[in-house]
Amino acid sequence: MKFGIVGTNFVSDFFMNASKLVKDCEVVSVCSLTLEEAQKFADKYGIPNAYGSYQEMYESHTIDAVYLAVPNGLHKELSFYFLNRKIPVICEKPFGSNADEVREMVACARENQTYLQDAIVPLYTENFWRTKEALPKVGRLRRAIICFGKYSSRYDAYLRGENPTTFRRELSNGSTMDLGVYAISDAIALFGKPKKIYASGILLETGVDALGTAIFTYDDFEVVIMHSKVTDTVMIPEIQGEDGNIYIDLLSRFNEVWYVDRKTKEKEMISKDWEDNMSWEIQDFCDNVKAGRIESVKVPHQLSIDIHEVITECRRQMGVVYPADEK
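Draft legend 1. Summary view of the pairing of strand S1 (residues 2-6). Counting buried residues along S1, four of its five residues qualify, which places the element largely inside the surrounding structure. The pairing of S1 with strand S2 (residues 26-31) spans five bridges and is parallel. The partner of Ile 5 across the bridge, within S2, is Val 30. In terms of handedness, the path from S1 via helix H1 (residues 10-19) over to S2 forms a crossover that is right-handed. As paired elements, S1 and strand S4 (residues 65-68) share four bridges and run parallel to each other. Bridge pairing links Ile 5 to Tyr 67 in S4.

Laid out in structure tokens, this is it:
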């Protein structure tokens with residue numbers, strides 16, 4: 001399958017490295033804001049075609065599918081462009097600016113009978129599904145603490161008075177829509193939608209959240225979500241049960257997952273070692289497109305809608321409002 005990449009930031013580097021492990025994936029074209037940027041990326045990876053716009057890339061008729069690595073606020077617009085032209089789309093997280101956009105994107109995929117995939121890496125990995133299957137080990141589930149915090153390299157630029165994309169309201173950015181997406185997506189995929197949501201955050205002058213906390217309430221357990229773009233943390237996610245706990249090293253990858261029995265204190269590895277966990281996402285895309293589907297079996301469109309309904313509610317309670325919300 002011949003892929004085109006839209007965007008040349010660091011996640012496009014991740015995609016290129018992972019694509020080398022998927023025999024069905026061949027990246028043949030790339031486009032960026034300028035032809036110069038696209039050509040630089042193409043030279044770096046030996047991609048034969050470079051373009052200064054996504055329209056040029058489509059009109060070249062070189063691609064069978066597209067990977068969108070563009071600012072969050074453009075996800076819906078570009079997904080519509082390619083879906084309406086019957087080009088299968090893998091769209092970087094967060095899928096859309098809000099739940100309404102995600103529903104519209106799903107409707108567009110269904111109308112065109114063209115595949116659309118939510119690129120939330122951990123949900124496609126073997127280790128995520130091994131973790132979900134291992135949940136009964138903890139016994140009666142009582143609490144999960146799901147945290148992801150990292151001091152952004154672009155926060156210093158923000159403090160200098162610059163305007164980096166990471167903290168721009170008009171691009172639907174902020175902590176919830178960056179690292180928080182992983183925490184919330186993992187929680188919903190593991191435990192389902194909560195019955196109640198309580199969310200708060202610390203907002204920057206741009207109107208986006210620097211960090212946030214949410215509590216998801218279920219029948220007899222709770223999930224605590226913590227995310228940040230302005231602080232580091234050494235805390236790791238923990239799923240607490242009456243018989244033991246499951247620990248996850250990194251929410252965005254699920255590289256290592258292990259269980260500790262409460263009584264014996266014995267440690268049991270749940271995860272297996274894989275060369276690149278992002279490759280699971282790309283392989284899933286190729287398999288489903290070849291099978292003629294319009295959504296992933298592992299991460300169906302309804303799951304993406306559920307995730308973004310929760311994210312949108314968290315932002316509402318925090319007071320984070322994007323231009324896309326006002327349309």
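Draft legend 2. Focus on the nonpolar core. Ranked by internal contacts, the top residues of the largest apolar core, which has 54 residues, are Ile 146, Phe 191, Phe 216, Val 223, Ile 225, Ile 239 and Ile 246. Of the residues forming this core, the biggest block, ten residues, is contributed by helix H8 (residues 179-191). In this structure, Ile 146 is in contact with Ala 183, Ala 187, Phe 191, Val 223, Val 224, Ile 225, Met 226, Pro 237 and Leu 251, ignoring residues within four places of it in sequence.

Draft legend 3. Just the packing of helix H5 (residues 99-112) against helix H10 (residues 301-318), in detail. At their nearest, the axes of H5 and H10 sit 8 Å apart, and the two run at 165° to each other. Of the possible angle classes, the one that applies to H5 and H10 is roughly antiparallel. Where H5 crosses over H10, the handedness of that crossing is right-handed. On H10, the residues that touch Ala 99, Val 102, Arg 103, Val 106, Ala 109 and Arg 110 of H5 are His 301, Ser 304, Ile 305, His 308, Glu 309 and Thr 312. A per-class count over the contact of H5 with H10 returns five nonpolar, four polar and three charged.

Draft legend 4. Quick peek at the environment of Gln 117. Among the structural elements, Gln 117 can be located in strand S6 (residues 116-119). Take Gln 117: its relative accessible area is 1%, and that puts it in the buried class. When the C-alpha atoms of Gln 117 and Arg 103 are compared, they prove to be 13 Å apart, with 14 residues separating the residues in sequence. Discounting residues that sit within four places of it in the chain, Gln 117 has contacts with Val 89, Ile 90, Cys 91, Phe 95, Tyr 124, Glu 281, Asp 284, Phe 285 and Ser 296.

Draft legend 5. Quick peek at H10. With 18 residues, H10 should cover 26 Å at 1.5 Å per step; its first-to-last C-alpha distance of 26 Å lies within 8% of that length. Considering only its buried residues, H10 is in contact with H5, S6, H8, strand S8 (196-203) and strand S9 (209-217).

Draft legend 6. How the structure looks around the sheet that holds strand S14 (residues 267-269). Judged by pairing direction, the sheet is mixed, and its eight strands sit side by side in the order S8-S9-S10-S7-S11-S12-S13-S14 without closing on themselves. The strands lining the two open edges of the sheet, one partner per strand, are S8 and S14. Strand-to-strand twist of the sheet, defined as the mean angle between neighbouring strand axes without regard to direction, takes the value 15°. Packing against the sheet, H10 makes contact with S8 and S9, and its axis sits at approximately 55° to S8.

Draft legend 7. Representation of the packing of H1 against helix H2 (residues 35-45) within the structure. Where H1 contacts H2, the two axes come as close as 12 Å, and the packing angle between them is 30°. By the angle between their axes, H1 is roughly parallel relative to H2. Where H1 crosses over H2, the two elements pack in a sense that is right-handed. Within the contact between the two elements, H1 uses Ser 12, Asp 13, Met 16 and Asn 17 and H2 uses Phe 41, Lys 44 and Tyr 45. Its residues assigned to classes, the contact of H1 with H2 shows three nonpolar, two polar and two charged.

Scoring rules and cut-offs
- Residues numbered from 1 in each chain as written.
- Predicted model: local features only at pLDDT ≥ 70, side-chain atom pairs only at ≥ 80, totals over all residues.
- Heavy atoms only, no water.
- Buried < 20%, exposed > 50% of the residue type's maximum accessible area, 1.4 Å probe, protein only.
- Helix = DSSP H or I, 4+ residues; strand = E, 2+ residues; numbered from the N terminus.
- Pairing = 2+ DSSP bridges.
- Right-handed = clockwise from strand over helix to strand, strands pointing away.
- Core = buried A, V, L, I, M, F, W, Y, C linked by side-chain atoms within 4.5 Å.
- Contact = heavy atoms within 4.5 Å.
- Axes fitted to C-alpha atoms, helices over the stretch in contact; angles between N-to-C directions.
- Parallel < 35°, antiparallel > 145°, perpendicular 65-115°, else oblique.
- Left-handed = near helix turned anticlockwise from the far one by under 90°.
- Nonpolar A, V, L, I, M, F, W, Y, C, P; charged D, E, K, R; others polar.
- Expected span 1.5 Å × (residues − 1).

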